[in-house]
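Working through the structure, step by step
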Amino acid sequence: MDKELQELIDGLNEDLAGEYGAAIQYTYSASVVSGLYSSALKPFFEGEIADELGHALYLSEKIKTLGGTPTTKSADIPQPTEVADLLAASLQSEKDTIDRYEIRKKQAEKLNLTELVVKIEDMIADETHHKEEIERLLQDPRLT
């Protein structure tokens, strides 16, 4: 297999592990959030799970299509219990994901994989939207 293609597949597997981790992180956060914020944040965290699993499914299928084997391992995730820390962990995860996808987009462009480039751009847009929502939530002065 071409070295650049293998590097892309390896990167996509890293991204896949990150999406599994994000789904777990949002599931965990929805289950442990408590206090006054739980009625607002529980549905928010639950709503993010489907997006992350959709990304994981796409990545898994794309890795197989490109000749790789999709990982079944999840990225490690933190397990905070305070509301501000739950949000901060989710924010960091979204930022890391966007950074990885920007790298993956360049790798896919170099290999002329137009469909993958477009899909990664869509996922960057999704993750950016998630990041911005969390940033707005963290602006609540009661969280500090």
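I will try to describe carefully the structure that is included in this document. Everything quoted here is computed from the prediction, not taken from an experiment.

**Structural notes on the overall build of the protein chain**
Along the protein chain, the regular secondary structure elements total four helices and zero strands. Start at the N end of the protein chain and walk to the C end: the helices and strands fall as α-α-α-α. For 144 residues, the compact-globule estimate of 2.2 N^0.38 gives 15 Å, and the C-alpha radius of gyration of the protein chain, at 16 Å, lies within 12% of that figure. In terms of principal-axis extent, the alpha carbons of the protein chain reach across some 55 × 25 × 20 Å. Look at the contacts in the protein chain between residues 6 or more apart in sequence, and 82% of them connect residues 24 or more apart. Of the roughly 7,700 Å² of accessible surface on the protein chain, 53% is carried by carbon and sulfur atoms.

**Comments concerning the environment of Ile63**
You can see Ile63 is positioned in helix α2 (residues 38-65). We classify Ile63 as buried; its relative accessible area is 0%.

**Comments concerning the packing of helix α1 (residues 3-32) against helix α3 (residues 83-110)**
It is the contact of α1 with α3, at a shortest axis distance of 10 Å, that shows an interaxial angle of 160°. What the angle tells us is that α1 and α3 run roughly antiparallel. Crossing hand, α1 versus α3: left-handed. For the contact of α1 with α3, the per-class residue count stands at ten nonpolar, eight polar and nine charged.

**Quick notes on the packing of aromatic side chains**
Under the criterion given, the structure shown has two aromatic pairs. Aromatic pair Tyr26 and Phe45: ring centres 6.1 Å apart, planes at 35°, arrangement tilted. Of this pair, Tyr26 sits in helix α1 while Phe45 is found in helix α2, placing the two residues 19 residues apart along the sequence. We note that Tyr26, like Phe45, is buried. Ring centres 5.6 Å apart and planes at 55° place the aromatic pair Phe44 and Phe45 in the tilted group.

**Details of the nonpolar core**
Within the largest apolar cluster, 18 residues are counted, with the highest numbers of intra-cluster contacts made by Leu12, Leu59, Leu66 and Leu116. Elements with a contribution of two residues or more to this core: α1, α2, α3 and α4 (114-138). Setting aside anything within four residues of it in sequence, one finds Leu66 in contact with Met1, Leu5, Leu8, Ile9, Leu12, Leu113 and Leu116. The next biggest cluster of nonpolar side chains, apart from the first, holds 14 residues, and it includes Tyr28, Leu41, Phe44 and Ile134.

**Concerning unusual backbone geometry**
For Asn112, which is not glycine, the phi dihedral falls at a positive 55°. Residue classification places Asn112 among the exposed positions, given a relative accessible area of 64%.

**Brief notes about the packing of α1 against α2**
Where α1 contacts α2, the two axes come as close as 8 Å, and the packing angle between them is 160°. When the axis of α1 is compared with that of α2, the two are roughly antiparallel. Handedness of the crossing formed by α1 with α2: left-handed.

**Some points on the environment of Gln6**
One can find Gln6 in helix α1. Taking C-alpha positions, Gln6 is 44 Å from Ser34, a pair spaced 28 residues apart along the chain. At 2.7 Å, the side chain of Gln6 and the side chain of Asp10 are in polar contact.

Conventions used here
- Residues numbered from 1 in each chain as written.
- Predicted model: local features only at pLDDT ≥ 70, side-chain atom pairs only at ≥ 80, totals over all residues.
- Heavy atoms only, no water.
- Helix = DSSP H or I, 4+ residues; strand = E, 2+ residues; numbered from the N terminus.
- Rg over C-alpha atoms; globule rule 2.2 N^0.38 Å.
- Contact = heavy atoms within 4.5 Å.
- Areas by Shrake-Rupley, 256 points an atom, 1.4 Å probe, with all protein chains shown as cover.
- Buried < 20%, exposed > 50% of the residue type's maximum accessible area, 1.4 Å probe, protein only.
- Axes fitted to C-alpha atoms, helices over the stretch in contact; angles between N-to-C directions.
- Parallel < 35°, antiparallel > 145°, perpendicular 65-115°, else oblique.
- Left-handed = near helix turned anticlockwise from the far one by under 90°.
- Nonpolar A, V, L, I, M, F, W, Y, C, P; charged D, E, K, R; others polar.
- Phe/Tyr/Trp six-rings, centres within 6.5 Å; stacked < 30°, edge-to-face > 60°.
- Core = buried A, V, L, I, M, F, W, Y, C linked by side-chain atoms within 4.5 Å.
- Polar contact = N/O pair within 3.5 Å; in protein donor to acceptor, adjacent residues only side chain to side chain.

Remember, this is a structural readout, not a statement about activity or role.
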